[in-house]
There are 2 protein chains.
Amino acid sequence: VSVYTQVAPEEIQPLLDAHGLGQCQSLKGIAAGIENSNYFLSTTKGEYVLTLFERADPEALPCYLKLMAAAAHDGIPCPDPVTPLTTLAGRPAVIITRLSGGTVDAPTPEQSFQTGAWLARLHLALAAPELGRGLPPSHDRALVRERFERNLDKAKVHAEWGGLVPLWQGWVERFMTIPAGLPGGVIHGDLFTDNVLFDGGRLSGLIDFYYACSDAWVLDLAITMNAWPHAEAVAEGYRSVRALHETEEAALHPCRIFAALRFMISRLDDALNPREGEMVQIKDPLEYHRKVANLLGESAGL
Amino acid sequence: VSVYTQVAPEEIQPLLDAHGLGQCQSLKGIAAGIENSNYFLSTTKGEYVLTLFERADPEALPCYLKLMAAAAHDGIPCPDPVTPLTTLAGRPAVIITRLSGGTVDAPTPEQSFQTGAWLARLHLALAAPELGRGLPPSHDRALVRERFERNLDKAKVHAEWGGLVPLWQGWVERFMTIPAGLPGGVIHGDLFTDNVLFDGGRLSGLIDFYYACSDAWVLDLAITMNAWPHAEAVAEGYRSVRALHETEEAALHPCRIFAALRFMISRLDDALNPREGEMVQIKDPLEYHRKVANLLGESAGL
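Please read these numbers as outputs of a predicted model, since none were measured by experiment.

**Considerations on helix H10 (residues 287-295) of chain A**
And step 1. Extensive coverage of H10(A) is indicated by the burial of 8 of its 9 residues.
And step 2. Listed in full, the buried residues belonging to H10(A) are Glu287(A), Tyr288(A), His289(A), Arg290(A), Lys291(A), Val292(A), Ala293(A) and Leu295(A).
And step 3. Of the surrounding secondary structure, the elements contacted by the buried residues of H10(A) are helix H6 (165-175), helix H7 (217-227) and helix H9 (246-272) of chain A together with helix H3 (109-125) of chain B.
And step 4. Just past H10(A), the residue Gly297(A) takes up positive phi, approximately 65°.

**Thoughts on H3(B)**
All names here are of chain B.
And step 1. For H3, which comprises 17 residues, the first-to-last C-alpha distance of 24 Å matches the rise-based estimate of 24 Å (1.5 Å per residue) to within 8%.
And step 2. Summarising burial for H3: 12 of the 17 residues are buried, a large majority.
And step 3. Every buried residue belonging to H3 is among Gln-111, Ser-112, Gln-114, Thr-115, Gly-116, Ala-117, Trp-118, Leu-119, Ala-120, Leu-122, His-123 and Ala-125, and all of these are buried.

**Looking at the sheet that holds strand E5 (residues 91-97) of chain A**
Residue and element names in this part refer to chain A.
And step 1. A sheet is described by the order of its strands in space; here 5 strands give the open sequence E1-E2-E3-E5-E4, paired in antiparallel fashion. The sheet is open, and its two edges are formed by strand E1 (24-29) and strand E4 (86-88), each paired on a single side. Within the sheet, the average angular offset between the axes of one strand and its neighbour, ignoring direction, is 35°.
And step 2. Sheet topology places strand E2 (residues 36-43) next to strand E3 (residues 47-53); 7 bridges connect them, and they run antiparallel. Note on E3: the bridge partner recorded for Phe-40 is Val-49.
And step 3. The strands touched by helix H1 (residues 9-18) are E1, E2, E3, E4 and E5; relative to E1, the strand with the most contacts, the crossing angle is about 120°.

**Focus on the environment of Ala127(B)**
All names here are of chain B.
And step 1. With respect to the secondary-structure elements, Ala-127 resides in the loop between H3 and helix H4 (141-150).
And step 2. According to the relative accessible area criterion, Ala-127 is partly exposed, its value standing at 36%.
And step 3. Sequence separation between Ala-127 and Phe-198 is 71 residues, and the spatial gap between their C-alpha atoms is 25 Å.

**Re the environment of Ser214(A)**
All names here are of chain A.
And step 1. When you line up the elements, Ser-214 lands in strand E9 (residues 213-216).
And step 2. Exposure remark for Ser-214: the relative accessible area of 47% places this residue in the partly exposed category.
And step 3. Not counting the four nearest positions on each side in its chain, Ser-214 is found in contact with Gly-132, Leu-135, Gly-185 and Val-186.

**Section: the relation of the copies chain A and chain B**
And step 1. Mapping chain A onto chain B calls for a rotation angle of 180° and an axial translation of 0.0 Å; the resulting RMSD is 0.0 Å. Both copies of the chain, as the preceding transformation shows, are related through a two-fold rotation axis.

**Focus on the packing of aromatic side chains**
And step 1. Counted by the stated rule, this structure contains 12 aromatic pairs over all chains.
And step 2. For the pair Phe198(B) and Trp228(B), a centre-to-centre distance of 6.4 Å together with 75° between the ring planes defines the contact as edge-to-face. Remark: Trp228(B) occurs in the loop between helix H7 (217-227) and helix H8 (231-241) and Phe198(B) occurs in strand E7 (residues 196-199); sequence separation between them is 30 residues. For the pair shown, Phe198(B) and Trp228(B) are each scored as buried.
And step 3. Members of the aromatic cluster, joined through ring pairs, are Phe53(A), Tyr64(A) and Tyr210(A).
And step 4. One cation-aromatic arrangement involves Arg98(A) over Phe40(A); the distance from NZ or CZ to the ring centre is 3.6 Å.
And step 5. Lying across the ring of Phe258(A), Arg141(A) places its NZ or CZ 5.2 Å from the centre.

**Side note on the state of the cysteines**
And step 1. According to the stated counting rule, one finds 0 disulfides over all chains in the structure shown.
And step 2. Here Cys213(A) is not cross-linked by a disulfide; its sulfur's nearest cysteine counterpart is in Cys255(A), at 12 Å.

**Points about the confidence of the model for chain A**
And step 1. A residue-level look at chain A finds 96% of positions with pLDDT of 70 or above and a mean pLDDT of 91.
And step 2. In the predicted complex, the global pTM is 0.85; the interface-specific ipTM is 0.75.

**Let's talk about the packing of H7(B) against helix H9 (residues 246-272) of chain B**
A pair of packed helices is characterised by two quantities: the angle between their axes and the separation of those axes.
All names here are of chain B.
And step 1. Put simply, H7 and H9 touch, their axes get as near as 8 Å, and they point 60° apart. Here H7 is positioned oblique relative to H9, judged by the angle of their axes. With respect to the hand of their crossing, H7 and H9 are arranged in right-handed fashion. Between H7 and H9, the residues in contact are Trp-217, Val-218, Leu-219, Leu-221, Ala-222, Ile-223, Met-225 and Asn-226 and Glu-248, Ala-251, Leu-252, Cys-255, Arg-256, Phe-258, Ala-259, Ala-260 and Phe-263, respectively.
And step 2. Residues of the contact of H7 with H9, tallied by class, amount to 14 nonpolar, 1 polar and 2 charged.

**A look at the interface of chain A and chain B**
And step 1. Of the residues lining the interface, 51 residues belong to chain A; the matching set on chain B comes to 51 residues.
And step 2. Buried surface at the junction of chain A and chain B, summed over both partners, amounts to about 4400 Å²; 53% is from carbon and sulfur atoms.
And step 3. Where chain A touches chain B, the interface holds 6 salt bridges.
And step 4. Across the salt bridge formed by Glu110(B) and Arg290(A), the nearest N and O atoms sit 3.6 Å from each other.
And step 5. Counting across the chain A and chain B interface gives 10 residue pairs in polar contact (both at pLDDT 80 or more).
And step 6. Contributing elements (two or more residues each) for the side of chain A that touches chain B: E1, helix H3 (109-125), strand E7 (196-199) and H10 of chain A.
And step 7. Counting residues per element, the side of chain A that touches chain B draws most heavily on H10(A), at 4 residues.
And step 8. When its residues are assigned to classes, the side of chain A that touches chain B shows 25 nonpolar, 12 polar and 14 charged.

**With respect to the environment of Tyr64(B)**
Residue and element names in this part refer to chain B.
And step 1. Tracing the backbone shows Tyr-64 in helix H2 (residues 61-73).
And step 2. Accessibility expressed as a relative area gives 4% for Tyr-64, which makes it buried.
And step 3. Residues Tyr-64 and Ala-212 lie 148 residues apart in sequence; the distance between their C-alpha atoms is 7.4 Å.
And step 4. Tyr-64 has contacts with Leu-135, Pro-136, Phe-209, Tyr-210 and Ala-212, leaving out every residue within four places of it along the chain.

Procedures and definitions
Residues numbered from 1 in each chain as written. Chains lettered and ligands numbered in written order. Predicted model: local features only at pLDDT ≥ 70, side-chain atom pairs only at ≥ 80, totals over all residues. Heavy atoms only, no water. Buried < 20%, exposed > 50% of the residue type's maximum accessible area, 1.4 Å probe, protein only. Helix = DSSP H or I, 4+ residues; strand = E, 2+ residues; numbered from the N terminus. Contact = heavy atoms within 4.5 Å. Expected span 1.5 Å × (residues − 1). Pairing = 2+ DSSP bridges. Axes fitted to C-alpha atoms, helices over the stretch in contact; angles between N-to-C directions. Least-squares fit on C-alpha atoms with pLDDT ≥ 70 in both. Phe/Tyr/Trp six-rings, centres within 6.5 Å; stacked < 30°, edge-to-face > 60°. Lys NZ or Arg CZ within 6 Å of the ring centre and 35° of its normal. Disulfide = S-S within 2.5 Å. pLDDT = per-residue confidence, 0-100. Parallel < 35°, antiparallel > 145°, perpendicular 65-115°, else oblique. Left-handed = near helix turned anticlockwise from the far one by under 90°. Nonpolar A, V, L, I, M, F, W, Y, C, P; charged D, E, K, R; others polar. Buried area = accessible area lost by both parts, 1.4 Å probe. Salt bridge = Lys/Arg side-chain N within 4 Å of Asp/Glu carboxyl O. Polar contact = N/O pair within 3.5 Å; in protein donor to acceptor, adjacent residues only side chain to side chain.

Dropping the structure here:
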């Protein structure tokens, strides 16, 4: 059972030599994420993170690295690749800069505000259309709907969730869309609390760009509001940097409903189809069912 | 670099045979926790969790298992050991029941309320004095102070934290204590959001009893309030099951200050003294500095 790729310091030295990154002093596994194996890497030249990709589309990886480089060079606190995409222990791999700080258990309204503000700065930093090329569609409405329909048979016979399927079908019919013509560009797409680092009070990192895609900016704000305990503070922070157009203000609530539905469906898919040999994350599959229900102002009878 | 103990299904079958737990069908690593390696284990008899202890005191492990068994038998939704403590892949190991649900990213006030209510029920379920025997002291005031003093020299020369050390010394002098004579018994000691499972809206599990100890009940409430984004809802939930005595109400705020200081010191110790060959968790080491400062109603100048 391969749950986490293990790398020995000797294996990594040739890569460090090839890019002038000094001598490996330590390599420590990071307990975070299930898509990648990550290590804190200390060398005689500095502090880095080594990422081995366990699951990402290898075609798209150079596009994600280009995004991070562009954002970092524009002053966004995010990882900056210091090697090109390479291969290590049989997997695509890259070395990136290490950011200070860590995730917080219970974000404050002020930290939520900062997250919204940096999300807006990220949007502006990644506005060049060429940065969107080659990114797989993470939030495509038709693909999300297909993903739901692929799981219908399994969901219907599930002991706990079976009874909710007719309700979900109605939601998918009505809410699997967002208004057209919204301003956009590259969005992060996955700015959950475990993808934002703080160092003391200050936001010190936006990480994990591997769900970035081209879409409406306000959808990214909606995803982030859904994922943070102080949604309104996230929105205020966003607006403090980039005012929302009238069309975006009107689209915010529909986008939150679509985004909650999308994550409900992806968690459902992950729960019903665990992949062999991968680590499992324990996340409540119905958390996003409840978010949809709350956003609709309905009691879902749970 | 051993970051996670890997176990093959063949290795576990003799243990299943010895306890009538059926044939192993799948074993999937769980991406959670750094103290233990955990697997979801499916057998022909049911769904379980296999835990290998990477770091816990082996002397104390039977005491923790006894607690979980007692709480589970008293109706608390917590893991129930189905084997005694054994050895697997060279480590202490146990198989426990698997609970439904998962952790939530952004707990709601209602989920926080439920957490407080179940914490109170847990206290009442574990009130028998013999259950406290053999549990190491996780929150002992003198030991926390020693832990702080052991790190003083390293902390003073730390680039980011060095300037805070004089403030911390003052805090340790004034707040490393809680009122005497408070009612208590076995406390969970670590009821962070990643140790509570929800299934849809309903709390479905309290997990990770490996910091349980004998101490004041209100200290456990204080630890939980500090760790959850809706502290007041946690307290209301607790009081809905078990009314706080006047002495406990008066002690709640001092306990929150002590508890924040204790977790600030343990994170500081972990950050300054990473253990070789263990996985690193990225948690903001100053999150609890800020909590102490906020609880004191002071701006810490960060």
